Amino acid sequence: IASVEEVRQSVTEVSDALAAVQDFCQQELRRADEALAEERTARTEAMKNVDADAVRDSVQQLLDDSREEQGQVLDALREALEAEAKARIEGDRRLRTDTTAALQKEVTARLQAQSRVRDELAAQSKSAAQESRNFVEALEDLRHGLETHTHELIGHDGMQANGE
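Residues numbered from 1 in each chain as written. Predicted model: local features only at pLDDT ≥ 70, side-chain atom pairs only at ≥ 80, totals over all residues. Heavy atoms only, no water.

### Notes on the overall build of the protein
Next, step 1: When its secondary structure is counted, the protein shows two helices and zero strands.
Next, step 2: By the burial criterion, 9% of the 164 residues in the protein qualify as buried.
Next, step 3: Expressed as a percentage of contacts within the protein between residues at least 6 apart in sequence, the contacts between residues at least 24 apart total 76%.
Next, step 4: Carbon together with sulfur atoms contributes 55% to the accessible area of the protein, which is approximately 13200 Å² in total. (Helix = DSSP H or I, 4+ residues; strand = E, 2+ residues; numbered from the N terminus. Buried < 20%, exposed > 50% of the residue type's maximum accessible area, 1.4 Å probe, protein only. Contact = heavy atoms within 4.5 Å. Areas by Shrake-Rupley, 256 points an atom, 1.4 Å probe, with all protein chains shown as cover.)

### What about the confidence of the model for the protein?
Next, step 1: When the pLDDT values of the protein are averaged, the result is 83; 87% of them are 70 or greater.
Next, step 2: Overall, residues 159-164 carries pLDDT values under 50, and its contacts beyond four positions in sequence, including any with other chains, amount to zero contacts. (pLDDT = per-residue confidence, 0-100.)

### Quick look at the pattern of salt bridges
Next, step 1: Considering all chains together, one arrives at eight salt bridges under this definition.
Next, step 2: Its salt-bridge partner being aspartate 64, residue arginine 67 comes within 3.8 Å of it at the nearest N-O pair. Of this pair, arginine 67 and aspartate 64 both sit in helix 2 (residues 52-163), three residues apart, roughly one helical turn.
Next, step 3: Relative accessible area serves as the criterion here: at 52%, arginine 67 is assigned to the exposed category.
Next, step 4: Using a relative accessible area of 34% as the deciding quantity, one classes aspartate 64 as partly exposed.
Next, step 5: The partner of glutamate 84 in a salt bridge is arginine 88, with the nearest N and O atoms 2.6 Å apart. You can see glutamate 84 and its partner arginine 88 sitting in helix 2, four residues apart, about one turn around the helix. (Salt bridge = Lys/Arg side-chain N within 4 Å of Asp/Glu carboxyl O.)

### Re a nonpolar patch on the surface
Next, step 1: Where nonpolar side chains cluster on the molecular surface, the patch consists of Phe135, Val136, Leu139 and Leu142 and spans about 400 Å² of accessible area.
Next, step 2: Turning to its location among the elements, phenylalanine 135 is positioned in helix 2.
Next, step 3: Given a relative accessible area of 54%, phenylalanine 135 falls into the exposed group. (Patch = residues over 30% accessible without salt bridge, like charges linked within 9 Å, V, L, I, M, F, W, Y side chains within 5 Å.)

### Let's talk about the environment of glutamate 5
Next, step 1: Locating glutamate 5 in the fold gives a position in helix 1 (residues 2-47).
Next, step 2: Sequence-wise, glutamate 5 and leucine 95 are 90 residues apart; in three dimensions their C-alpha atoms are separated by 9.1 Å.

### With respect to a negative patch on the surface
Next, step 1: A cluster of acidic residues, Asp33, Glu34, Glu38, Glu68 and Glu69, forms a negative patch at the surface.
Next, step 2: Elements supplying a minimum of two residues to the negative patch: helix 1 and helix 2.
Next, step 3: Per element, the largest residue contribution to the negative patch is three residues, and it comes from helix 1.
Next, step 4: Within the secondary structure, glutamate 38 is located in helix 1.
Next, step 5: Given the relative accessible area of 58%, glutamate 38 is considered exposed. (Lys, Arg positive; Asp, Glu negative; His and termini not counted. Charge placed at Lys NZ, Arg CZ, Asp CG, Glu CD.)

Here it is as structure tokens:
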């Protein structure tokens, strides 16, 4: 059960790490947005003196840069999500393995306990059967001894009665 707790702890740590990565990505995205806004402001000021083609080229460059930054952020998020998914899958696998091992250990312990009880009952049964046989033999010996002794007394008394 301690290993189940360790798995839970690992999953919690991975979830915390994922949250940290997500926070980092969001901060980077905000920084990129701020930098983009500053750059747009600077370019807007510069464009006041530039012709339409130059403005179009600048806007296109800004869009391309923005798309590239968004792609990088999305890639980082995707990697973080994949890492979390792998960690959860591994945690689930470890939890399953640990649970299976614990259940097998419990089943084995119970089977061994049952086996010991069966063995004890068998030994007690054999002992009781032997004691019963010994008791019956003792009764038979007593009965035989009593019958033999009774016959000797009857025979002895009978001789005394005839001899007098």
